[in-house]
Amino acid sequence: NGQRLEKMLTEVQGHAECIMRTAGRMPPTMFLDGLEGVKTYVAPSAETPLEKDHFAETMRLMARAHGATVVVLAIESWVKLARPGGKLDMSKAPSEYPDRQEAIALLAETYQEGVQQVLPIVRAGNGQFLGFGEAQTLRHYRSQTVGRFVGLLPEQIPNAREREEAKELLEK
């Protein structure tokens, strides 16, 4: 799974760069690799907390329905990074800092590990996407993080009945 995770991260980074070059923005997109191959799901909208919750729940159902072993979420976000050797101030949301950075966050999971990769967005003065800055990567055990877009994979690979139930829920 480690090699597949690295391959998926590379593929998703390339996809994100292509989308940013053509559209200038990245819609929240889930990529999964499962029993039925690679699948993607683009959120119709993920602006409000309710839409974000719905997107997260849909991703969990998709992972279950397709027997995913690797999931990567690509989402545009504001980030606040600690300076080298410095401590990160977590007292407010990244979007509230004047020195925040626009980035694509890649949130990846396997059954063994999680990876968070931040791709800083570099834009020209006119706002045109130029590319990504140096990626920053954090690896962790899957159980060490919490949040709306964490824990997208079920606790274990679902059996055929559980996959079918998830597919039925997705069709509703």
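Just so we're clear, the structure is a prediction, and the values are computed from it rather than from any experiment.

1. Points about the side chain of aspartate 33
Here aspartate 33 is to be found in strand S1 (residues 29-34). Each residue touching aspartate 33, except ones within four places of it in the same chain, is listed here: Arg4, Met8, Val38, Ala68, Thr69 and Val70.

2. Thoughts on the environment of aspartate 33
Its relative accessible area of 12% is what places aspartate 33 among the buried residues. Between the alpha carbons of aspartate 33 and alanine 63 there is a distance of 8.6 Å; along the sequence they are 30 residues apart.

3. Digging into the packing of aromatic side chains
Within this structure, the stated rule accounts for three aromatic pairs. When the centroid spacing of 5.9 Å and the interplanar angle of 65 degrees are considered together, the rings of phenylalanine 55 and phenylalanine 149 count as edge-to-face. Remark: phenylalanine 149 occurs in the loop between strand S7 (136-141) and helix H3 (160-171) and phenylalanine 55 occurs in helix H2 (residues 49-65); sequence separation between them is 94 residues. On the basis of relative accessible area, phenylalanine 55 is assigned to the buried category, the value being 1%. Judged by centre distance (5.2 Å) and plane angle (70 degrees), the rings of phenylalanine 129 and phenylalanine 132 are edge-to-face. Three or more aromatic residues link up through ring pairs in this structure, and these residues are Tyr41, Phe55 and Phe149.

4. Quick look at the confidence of the model for the chain
Within the chain, residue pLDDT values average 87, and 88% of them lie at 70 or more. By mean pLDDT, the top-scoring element of the chain is S1 (95), and the lowest-scoring one is S7 (77).

5. Regarding the pattern of salt bridges
Opposite charge on two side chains permits them to pair, given that their charged atoms come into close proximity. What the rule picks out here adds up to nine salt bridges. Of the charged contacts, one joins arginine 4 and glutamate 11 as a salt bridge, the two residues approaching to 3.8 Å between their closest N and O atoms. Exposure remark for glutamate 11: the relative accessible area of 37% places this residue in the partly exposed category. The partner of arginine 161 in a salt bridge is glutamate 165, with the nearest N and O atoms 2.8 Å apart. Of this pair, arginine 161 and glutamate 165 both sit in helix H3, four residues apart, roughly one helical turn. Given a relative accessible area of 51%, arginine 161 falls into the exposed group. Judged by its relative accessible area of 39%, glutamate 165 is partly exposed. Salt bridges linked by common partners bring Arg4, Lys7, Glu11 and Asp33 together as one network.

6. Section: the packing of H2 against H3
One can describe the packing of H2 onto H3 by two numbers: an axis separation of 7 Å at closest approach and a directional angle of 140 degrees. Overall, the two elements H2 and H3 adopt an arrangement that is oblique. In this structure, the crossing between H2 and H3 has a hand that is left-handed. Residues Thr58, Leu61, Met62, Arg64 and Ala65 of H2 form the contact with H3, whose own contacting residues are Glu162, Arg163, Ala166, Lys167, Leu169 and Leu170. Here the contact of H2 with H3 is composed, by residue class, of six nonpolar, one polar and four charged.

Quick notes on the rules
- Residues numbered from 1 in each chain as written.
- Predicted model: local features only at pLDDT ≥ 70, side-chain atom pairs only at ≥ 80, totals over all residues.
- Heavy atoms only, no water.
- Helix = DSSP H or I, 4+ residues; strand = E, 2+ residues; numbered from the N terminus.
- Contact = heavy atoms within 4.5 Å.
- Buried < 20%, exposed > 50% of the residue type's maximum accessible area, 1.4 Å probe, protein only.
- Phe/Tyr/Trp six-rings, centres within 6.5 Å; stacked < 30°, edge-to-face > 60°.
- pLDDT = per-residue confidence, 0-100.
- Salt bridge = Lys/Arg side-chain N within 4 Å of Asp/Glu carboxyl O.
- Axes fitted to C-alpha atoms, helices over the stretch in contact; angles between N-to-C directions.
- Parallel < 35°, antiparallel > 145°, perpendicular 65-115°, else oblique.
- Left-handed = near helix turned anticlockwise from the far one by under 90°.
- Nonpolar A, V, L, I, M, F, W, Y, C, P; charged D, E, K, R; others polar.

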